[in-house]
Amino acid sequence: MEAEKAYRKKEIPVGAVIVFENKVIGRGHNLIESLQDPTAHAEMIAITAAANYLGTWRLEDAALYATLEPCPMCAGAVVNSRISRVVFGTQDSRIGACGTVTDVLSGNGFNHKIEVISGILQQKCEWIIKDFFKKLRSGSADVNLE
């Protein structure tokens, strides 16, 4: 799981995959701290990998699956890449941009509609994020999956 890779690297444990024609064509996990890049979100990395795989930035008929509800930047990339479906595990009450705080994906005037499905594997997705921050706040030098 991509989120577990981020967790092991002491990154916020968010993972994402892009699926096209029942095949994973892009994967990503947060690398913001590792790369010192504020755009190195799991979704952005997965979208770039999928575009490279297909040889086009147009990811029509592809679906993005993510641990956490995409932020405004990632939701904007979903719109721009023309991804048709976003599926995420848990809502982001801080900056969720698929309906929780704001809704970037349902903008009027877009040239396509984006289906949004939330709550898939919600408990597991919530747990990994909460466990990461609990250990981080406790000062645990060892942020490992148990």
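Preceding this paragraph is the structure being described.
In this text the structure is predicted, and so the values were computed from the model without any measurement.

Criteria and cut-off values
Residues numbered from 1 in each chain as written. Predicted model: local features only at pLDDT ≥ 70, side-chain atom pairs only at ≥ 80, totals over all residues. Heavy atoms only, no water. Helix = DSSP H or I, 4+ residues; strand = E, 2+ residues; numbered from the N terminus. Buried < 20%, exposed > 50% of the residue type's maximum accessible area, 1.4 Å probe, protein only. Contact = heavy atoms within 4.5 Å.

Remarks on the environment of E4
Next up, step 1: Residue position: E4 is located in helix α1 (residues 2–8).
Next up, step 2: Taking C-alpha positions, E4 is 9.9 Å from I129, a pair spaced 125 residues apart along the chain.

Some remarks on helix α4 (residues 72–81)
Next up, step 1: Buried residues dominate α4, accounting for seven of its ten residues.
Next up, step 2: When α4 is considered as a whole, its buried residues turn out to be C74, A75, G76, A77, V78, V79 and S81.
Next up, step 3: For α4, the elements touching its buried residues are α3 (42–54), β3 (62–68) and β4 (85–90).
Next up, step 4: Phi for R82, located one or two positions after α4, is positive at around 65°.

Remember that the coordinates give geometry; whether it matters functionally is a separate question.
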